[in-house]
Amino acid sequence: MKHHTAGIPRQLCRHFFLAAFAAITAIAAPPEPTDRLAAVRHLQIDAGKIVLVEESRVTADKNLPPHTVVKIVLNPGKNSNINVEVCLPEAAMWNKRFIGLGNGGAAGRINSGGLLGYMARGYAVATTDMGTSPNSDSGIGKPDVWKDFGFRATHLMTVSAKQVIQAYYGLAPEYSYFNGGSTGGQQALQEAQRYPEDYDGIVANVPAHCRTPLHAYFLWNEQIFHQCPFSNTQEENVIAAGNEYMASREIPQTAGKMVSDPRCTDKDIEAVIALAMKKDPTLTDKHATALQKLFSGPKHAITGERIFDGIPFGSSFKIAHGHLYLFQWVFGKDKDLQSLDFGKDIDTYTAALGPYLNAENPDLTAFEKRGGKLIMISGSADSCVPYHASLDYYERVIEHFGSLEKAASFCKFYIVPGMSHGPGPGINKLPDMLALVMNWREKGETPHTLSTQRIVDGKTELDMPLYPYPEKTGWDSTGGFKPVVGPRGGVERVAESFRPQAAE
């Protein structure tokens with residue numbers, strides 16, 4: 001069979017092949033640096049604009065490689081003002097992965113420094129102020145801001161960041177991951193539920209996903225502490241009573257020091273209060289009544305339905321109240337929040353914010369089918385974002401998928417003994433959870449046993465394995481640590497009326 005170039009002069013044939021090769025190389029090769037910057041500057045962003053493209057080739061920190069920062073402002077609604085920042089390593093350094101980072105609290109600002117560490121490791125990375133700049137007052141009476149804070153800002157950050165990446169490098173990321181804690185955990189689960197195509201893997205650390213019930217819990221506690229304050233010593237004695245009472249359910253390494261599994265009954269609550277009263281004679285009957293309400297958690301004043309569970313045994317009171325800006329969003333800056341009731345006022349508040357802020361849909365089918373992987377983490381001593389709403393959410397995911405095995409094939413949940421929202425009495429060092437998600441998604445390495453530590457003043461006080469829920473860490477005097485089968489459920493479910501269906 002004759003070659004198809006037969007009859008064409010060899011020199012001319014060579015010219016054609018060289019021209020074709022040059023054309024292919026031009027398409028495949030990433031743009032030159034100046035072209036990359038120009039491509040980003042001329043990028044058209046839906047409902048927004050690029051306001052800064054800045055290349056940093058020389059930095060004060062010698063450990064930081066050259067990079068480019070892109071700032072974007074998005075205005076998807078009349079009162080929307082979402083700031084996004086994207087940080088890009090040089091093309092030769094980029095590992096072809098994108099990371100979206102979550103925010104915290106009421107957001108309203110961007111932690112630019114938080115982007116640099118990931119960028120220095122070769123990731124393109126982005127974050128957003130969630131549309132609440134300059135502070136939480138920006139959400140007062142503005143449903144556009146509620147939507148942005150609830151879910152829209154994170155998704156649009158992701159979309160626009162990927163546009164920037166495509167323009168800058170000439171290709172899309174091979175893998176995209178999201179990493180967030182607290183409010184960032186709300187963002188994480190909103191992404192998995194509403195926009196399953198955005199990310200290949202997600203870490204939701206101490207996620208504030210049951211958002212409006214959580215803030216109702218803050219208000220409930222705030223009103224109780226306003227009427228019946230606790231001194232620091234009284235609080236410490238109540239915490240000690242919880243640790244002491246629950247010690248018989250702990251392994252030797254944690255007994256009396258922390259509560260690894262704070263699930264409890266009404267009888268347990270009564271016993272802890274009685275022990276606290278015995279330990280501290282300054283605690284009055286009024287304190288006992290307050291503790292009953294604090295540990296039991298808020299219920300609807302009219303229907304008696306569960307709004308949220310209570311403060312976990314062994315955890316701080318100080319971070320279990322405040323954070324009342326969501327009520328100001330609905331009722332105004334001048335509203336006396338001590339006067340809000342847990343009947344009609346809570347209904348009004350829930351109807352206004354719940355459909356936008358809560359990430360409570362257990363149907364993660366689309367995320368699972370695309371190969372998405374999710375790790376959720378809660379701390380047993382976290383009273384700011386308590387474990388119980390996340391445990392119940394995971395149980396509802398299991399119910400939706402029909403079995404623990406199916407849910408665990410793409411979603412793992414860990415309850416970390418003694419971890420709080422900040423410093424706590426227990427574990428304070430975990431492995432790199434984002435790396436675990438990446439390896440799970442890309443290499444099929446399913447996470448199970450985690451190596452965790454409590455480190456104080458540079459010294460390791462406790463080194464123990466951690467297992468995914470519902471397994472717990474057991475101890476055998478002859479064999480050491482081992483996984484044991486833990487109970488399922490055990491927390492009271494937030495009523496559906498306080499978890500309204502998601503809305504756009």
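Relevant structure appears above.
Conventions adopted
- Residues numbered from 1 in each chain as written.
- Predicted model: local features only at pLDDT ≥ 70, side-chain atom pairs only at ≥ 80, totals over all residues.
- Heavy atoms only, no water.
- Helix = DSSP H or I, 4+ residues; strand = E, 2+ residues; numbered from the N terminus.
- Rg over C-alpha atoms; globule rule 2.2 N^0.38 Å.
- Buried < 20%, exposed > 50% of the residue type's maximum accessible area, 1.4 Å probe, protein only.
- Areas by Shrake-Rupley, 256 points an atom, 1.4 Å probe, with all protein chains shown as cover.
- Contact = heavy atoms within 4.5 Å.
- Phe/Tyr/Trp six-rings, centres within 6.5 Å; stacked < 30°, edge-to-face > 60°.
- Pairing = 2+ DSSP bridges.
- Axes fitted to C-alpha atoms, helices over the stretch in contact; angles between N-to-C directions.

### Some remarks on the overall build of the protein
Summing up its helical and strand segments, the protein has 15 helices and 13 strands in all. For 504 residues, the compact-globule formula gives about 23 Å, and the C-alpha radius of gyration of the protein, at 26 Å, lands near that figure. Based on the C-alpha atoms only, the size of the protein along its principal axes is roughly 105 × 60 × 50 Å. Out of the 504 residues belonging to the protein, those deemed buried represent 55%. Counting every atom, the protein has about 21,900 Å² of accessible surface; 53% of that belongs to carbon and sulfur.

### Things to note about unusual backbone geometry
In the segment running from serine 133 into proline 134, the intervening peptide bond is cis, with an omega of 0 degrees. Structurally, the position occupied by proline 134 is in the loop between strand 5 (124–128) and helix 4 (143–169). Looking along the chain, the bond that leaves tyrosine 469 and enters proline 470 is cis, with omega of 10 degrees. By secondary structure assignment, the location of proline 470 is in the loop between strand 11 (459–466) and strand 12 (471–476). You will see that serine 182, though not glycine, has its phi angle at about 65 degrees, which is positive. Here serine 182 shows up in the loop between strand 6 (175–181) and helix 5 (183–194).

### Comments concerning the environment of alanine 208
With respect to the helices and strands, the residue alanine 208 is situated in the loop between strand 7 (201–205) and helix 6 (211–227). Given the relative accessible area of 4%, alanine 208 is considered buried. Sequence spacing of alanine 208 and valine 73 is 135 residues, and the spatial spacing of their C-alpha atoms is 25 Å. Excluding residues within four positions of it along the chain, alanine 208 makes contact with Ser182, Thr183, Gly185, Gln186, Leu214 and Val385.

### Description of the environment of threonine 183
Secondary-structure assignment places threonine 183 in helix 5. Classification of threonine 183 as buried rests on a relative accessible area of 0%. On a C-alpha basis, the gap between threonine 183 and glycine 480 in space is 37 Å, while along the polypeptide they are 297 residues apart. Setting aside residues up to four positions removed in sequence, threonine 183 forms contacts with Asn103, Gly104, Gly105, Met130, Phe149, Ala208 and Arg211.

### Here's the deal with the packing of aromatic side chains
Applying the stated criterion across every chain yields a total of 21 aromatic pairs. Ring geometry for phenylalanine 149 and tryptophan 329: centres 5.4 Å apart, planes at 85 degrees, overall edge-to-face. Note that phenylalanine 149 is positioned in helix 4 and tryptophan 329 in helix 10 (residues 325–331), a separation of 180 residues in sequence. The buried category is assigned to phenylalanine 149, whose relative accessible area is 0%. Between tyrosine 325 and tryptophan 329, the ring centres sit 5.9 Å apart and the planes meet at 55 degrees, which makes this aromatic pair tilted. Placement of the pair is tyrosine 325 and tryptophan 329 together in helix 10, with a separation of four residues, close to one helical turn. Judged by its relative accessible area of 11%, tyrosine 325 falls in the buried class. In this structure tryptophan 329 comes out as buried when scored by relative accessible area, which is 1%. In this structure an aromatic cluster arises from ring pairing among Trp94, Tyr168 and Tyr169.

### Concerning the side chain of histidine 287
With respect to the helices, strands and loops of the structure, histidine 287 is situated in helix 9 (residues 285–296). Residue classification places histidine 287 among the buried positions, given a relative accessible area of 8%. With residues near it in sequence (within four places) discarded, histidine 287 still touches Cys228, Pro229, Phe230, Gln234 and Thr282.

### Regarding the sheet that holds strand 4 (residues 97–101)
An order of 1-2-3-5-4-6-7-8-9 is seen for the nine strands of this open sheet, with the pairing classed as mixed. Of all the strands in the sheet, just strand 1 (48–56) and strand 9 (411–416) have a single pairing partner and so form its edges. For this sheet, the mean angle separating the axes of adjacent strands, direction not counted, is 15 degrees. Taken together, the eight bridges between strand 1 and strand 2 (residues 67–74) define a ladder with antiparallel strand orientation. In the strand pairing of strand 2, valine 53 is matched with valine 70. The sheet contacts of helix 4 involve strand 1, strand 2, strand 3 (82–89), strand 4, strand 5 and strand 6, and relative to strand 3 the element is tilted by about 35 degrees.

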